[in-house]
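Each chain, written out:
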Amino acid sequence: MNRDRNHSPQLDPTIENLSQAIFTVNRHAKTAPNPKFLYKLKHDALKKLLKEGKAKKVGLHFSNNPKYSQQQSDVLVVCGKYSFHLPPSKSDFTYLPHLGKLDKNVRNPKAHLSLYEAKKLLSLYTGLKEEKTQSNNNKKRYEKPVFKRLGENYF
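Note that the coordinates shown come from a computational prediction; the quantities given were computed from them, not determined experimentally.

Rules and cut-offs
Residues numbered from 1 in each chain as written. Predicted model: local features only at pLDDT ≥ 70, side-chain atom pairs only at ≥ 80, totals over all residues. Heavy atoms only, no water. Helix = DSSP H or I, 4+ residues; strand = E, 2+ residues; numbered from the N terminus. Contact = heavy atoms within 4.5 Å. Polar contact = N/O pair within 3.5 Å; in protein donor to acceptor, adjacent residues only side chain to side chain. Axes fitted to C-alpha atoms, helices over the stretch in contact; angles between N-to-C directions. Parallel < 35°, antiparallel > 145°, perpendicular 65-115°, else oblique. Left-handed = near helix turned anticlockwise from the far one by under 90°. Pairing = 2+ DSSP bridges.

Quick word on the environment of Thr126
- Positionally, Thr126 belongs in helix α4 (residues 115–126).
- Spatially, the C-alpha atoms of Thr126 and Lys42 are 9.5 Å apart, while their sequence positions differ by 84 residues.
- Setting aside residues up to four positions removed in sequence, Thr126 forms contacts with Leu41, Asp44 and Ala45.
- One polar contact links the side chain of Thr126 to the main-chain carbonyl oxygen of Leu122, over a distance of 2.7 Å.
- In this structure the side chain of Thr126 is engaged in a polar contact, spanning 3.3 Å, whose partner is the backbone nitrogen of Leu128.

Re the packing of helix α1 (residues 15–29) against helix α2 (residues 36–52)
- The N-to-C vectors of α1 and α2 enclose an angle of 155°; their axes lie 9 Å apart at closest approach. Taken as axis vectors, α1 and α2 run roughly antiparallel relative to one another. Where α1 crosses over α2, the handedness of that crossing is left-handed. Contact residues: α1 offers Leu18, Ile22, Val25, Asn26, His28 and Ala29, while α2 offers Leu38, Tyr39, Leu41, Lys42, Ala45, Leu46 and Leu49.

Considering the sheet that holds strand β1 (residues 56–62)
- Ordered by their spatial adjacency, three strands build an open sheet running β1-β2-β3, and the pairing between neighbours is antiparallel. Strands at the two margins of the open sheet, each flanked by one partner only, are β1 and β3 (82–86). Ignoring strand direction, the axes of neighbouring strands in this sheet form an average angle of 30°.
- Note: strand β2 (residues 73–79) against β3, five bridges, orientation antiparallel. Counted as the bridge partner of Cys79 is Tyr82 from β3.
- Together, β2 and β3 form the strand contacts of α1, whose direction differs from that of β3 by roughly 55°.

On their own, these measurements won't tell you what the molecule is for.
This is the structure:
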């Protein structure tokens, strides 16, 4: 049944496979305990696709979740059948048209790719490696509470 799980065929870095991998990584990053690496992987993969001409910046959208200001814009990037958002650079504001609010009815197609395969494909494509986090040895160990008999002094 699932005997081929560890021996999945090598995915080719086609535009469709890369955009599905970016979509999968982005979807999982929203709920990951440590999303920094996943967002870095998405960002670097999209930057490389833009540089190679395999993706295109379409315009600017108002951000749904602005950080420190009342209004913030994100760059809309289209890659294959998928669209993504990236933080804008200063030149993006002069060269790209502003598209207004994000249309809630436009959705990316479903991707049937596991997070493991997506991370593997994007790591090979970008050259980024995930640093393994060591177990937290800094955590305080549990200490049993000390109970004194009734009337005994704690000091």
